[in-house]
Structures are given as structure tokens and as C-alpha cells.
Amino acid sequence: IVSSTSAITSTAVAIIAHKAFAGYALGSTMATAEMERSRHVFFGLFFALSTPAGIFIGMGLQRLSGGSYDDDSTPVAVVKAVVAGTFLYVAIVEVGMKELLVCRHDEGGAGDVDAAMRRTEMMKLFAFLGGFLAMSGLAAYV
């Protein structure tokens, strides 16, 4: 999708930086889970090979589409939709739910949420939605 040297360089740096932090997160999570070594190796290899596989899939789609990609082409739109859906899923399910849906039971098991907790939850929700709207607005102009 990118063809200039500067765009390729910035994309490569972004991918490498992302993979480094994501790899650390994956490794620390697997170490905490005390998984078997064979599962560590399997998931590590799957993670390591996912980026090259994505690159080869993109190259294959480019060849199937005649070698030219513009921002309005169907393959680019499909890839952008999948990426956007993935980010939304991770943001909402993996991060948002852990932050927004705190444990609502107390020692007595009554399930009451006091006013301060409710206010904190609402502030988190508005911050989450504000960040989502800000990034959506930014994406519309970039």
C-alpha cells in the first residue's frame, strides 16, 4: 500500500516497535500463566510468523488486484475494516471492560455501588468515549 522509502521506513519502525511491546506482553502473560514449554513455543512462533504472513497476504492481494492499490480499492477497504474492527474489539473487550466494569460486590455480597464508585465509573466511560471520538476524528483527517 505504501511505495515511498520514507513511508516504508516509518511503517517498518512502527511494526517493529509494536511487535516488541506486544511480544513482551505476550511473553509475560504466558510466563505468569505457567504454561507448558510446547505451548510457549507454539504461541511464540505463531506470534512471530503473523507479521510476515500478513505481509505475504498483502502482496498476494496486490498481485490479484493488478498491482495497484489506491485508497478507494476494495482490498484496501477490507483490510482497513478488519484492522479497525480488531482495534475496536481490543479496546472495548480487552481494555474497556476491565476498566469500566469493576467488581461490584462487597464483602457482604449486597452488590451495592456507592456514589463515589458510580461517579468514577462515569468519568472512565466519558474518558473512554472521548478518546474514541477524538481518535475517530483524527482518523478522518489523516
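What you see is a predicted model; the values in this text were computed from it and never measured.

Attention now goes to unusual backbone geometry. Where the residue is not glycine, phi is negative for most of them; where a peptide bond is considered, it is trans in most cases. Look at Glu-34: it is not a glycine, yet its phi comes out positive at around 50°. Residue position: Glu-34 is located in the loop between α1 (5-33) and α2 (37-64). Classification of Glu-34 by relative accessible area gives exposed; the value is 70%.

A few words on the confidence of the model for the protein chain. Confidence along the protein chain averages 80 in pLDDT terms, with 85% of residues attaining 70 or more. Looking across the protein chain, the model is least confident in helix α3 (residues 74-100), with a mean pLDDT of 79, and most confident in α1, with 88.

At a closest axis distance of 11 Å, the pairing of α1 and α2 adopts a crossing angle of 165°. Classified by the angle between their axes, α1 and α2 sit roughly antiparallel to one another. In the packing of α1 onto α2, the handedness of the crossing is right-handed. Of the residues in α2, those in contact with Ile-15, Lys-19, Ala-22, Gly-23, Leu-26, Met-30 and Ala-31 of α1 are His-40, Phe-43, Phe-47, Ser-50 and Thr-51. Grouping the amino acids of the contact of α1 with α2 by side-chain chemistry returns 7 nonpolar, 4 polar and 1 charged.

Let us look at the packing of aromatic side chains. What the rule picks out here adds up to 2 aromatic pairs. Centre to centre, the rings of Phe-42 and Phe-43 are 5.3 Å apart; their planes meet at 65°, and the pair counts as edge-to-face. Measuring from ring centre to ring centre gives 6.4 Å for Phe-42 and Phe-46, while their planes differ by 25°; the resulting arrangement is stacked. With Phe-42 and Phe-46 both in helix α2, this residue pair falls 4 residues apart, about one helical turn. For Phe-46, a relative accessible area of 57% gives the class exposed. By way of ring pairs, the aromatic residues Phe-42, Phe-43 and Phe-46 are connected into one cluster. The lysine or arginine in question, Lys-19, covers the ring of Phe-47, its NZ or CZ lying 3.7 Å from the ring centre.

Attention shifts here to the packing of α3 against helix α4 (residues 115-141). Contact geometry for α3 and α4: axes closest at 11 Å, N-to-C directions at 165°. By the angle class used here, α3 and α4 are roughly antiparallel. Of the two elements, α3 crosses α4, and the hand of that crossing is right-handed. Facing α3, whose interface residues are Leu-88, Ala-91, Ile-92, Gly-96, Glu-99 and Leu-100, α4 presents Glu-121, Lys-124, Leu-125, Phe-128 and Phe-132. Grouping the amino acids of the contact of α3 with α4 by side-chain chemistry returns 7 nonpolar, 1 polar and 3 charged.

Among the surface-exposed residues, Leu-88, Tyr-89, Val-90, Ile-92, Val-93, Val-95, Met-97, Phe-132 and Leu-133 lie close enough to one another that they form a single nonpolar patch of about 780 Å² accessible area. Of the residues forming the nonpolar patch, the biggest block, 7 residues, is contributed by α3. Relative to the helices and strands, Leu-133 is located in helix α4. Assessed through its relative accessible area of 58%, Leu-133 is described here as exposed.

Conventions used here
Residues numbered from 1 in each chain as written. Predicted model: local features only at pLDDT ≥ 70, side-chain atom pairs only at ≥ 80, totals over all residues. Heavy atoms only, no water. Helix = DSSP H or I, 4+ residues; strand = E, 2+ residues; numbered from the N terminus. Buried < 20%, exposed > 50% of the residue type's maximum accessible area, 1.4 Å probe, protein only. pLDDT = per-residue confidence, 0-100. Axes fitted to C-alpha atoms, helices over the stretch in contact; angles between N-to-C directions. Parallel < 35°, antiparallel > 145°, perpendicular 65-115°, else oblique. Left-handed = near helix turned anticlockwise from the far one by under 90°. Contact = heavy atoms within 4.5 Å. Nonpolar A, V, L, I, M, F, W, Y, C, P; charged D, E, K, R; others polar. Phe/Tyr/Trp six-rings, centres within 6.5 Å; stacked < 30°, edge-to-face > 60°. Lys NZ or Arg CZ within 6 Å of the ring centre and 35° of its normal. Patch = residues over 30% accessible without salt bridge, like charges linked within 9 Å, V, L, I, M, F, W, Y side chains within 5 Å. Areas by Shrake-Rupley, 256 points an atom, 1.4 Å probe, with all protein chains shown as cover. Salt bridge = Lys/Arg side-chain N within 4 Å of Asp/Glu carboxyl O.

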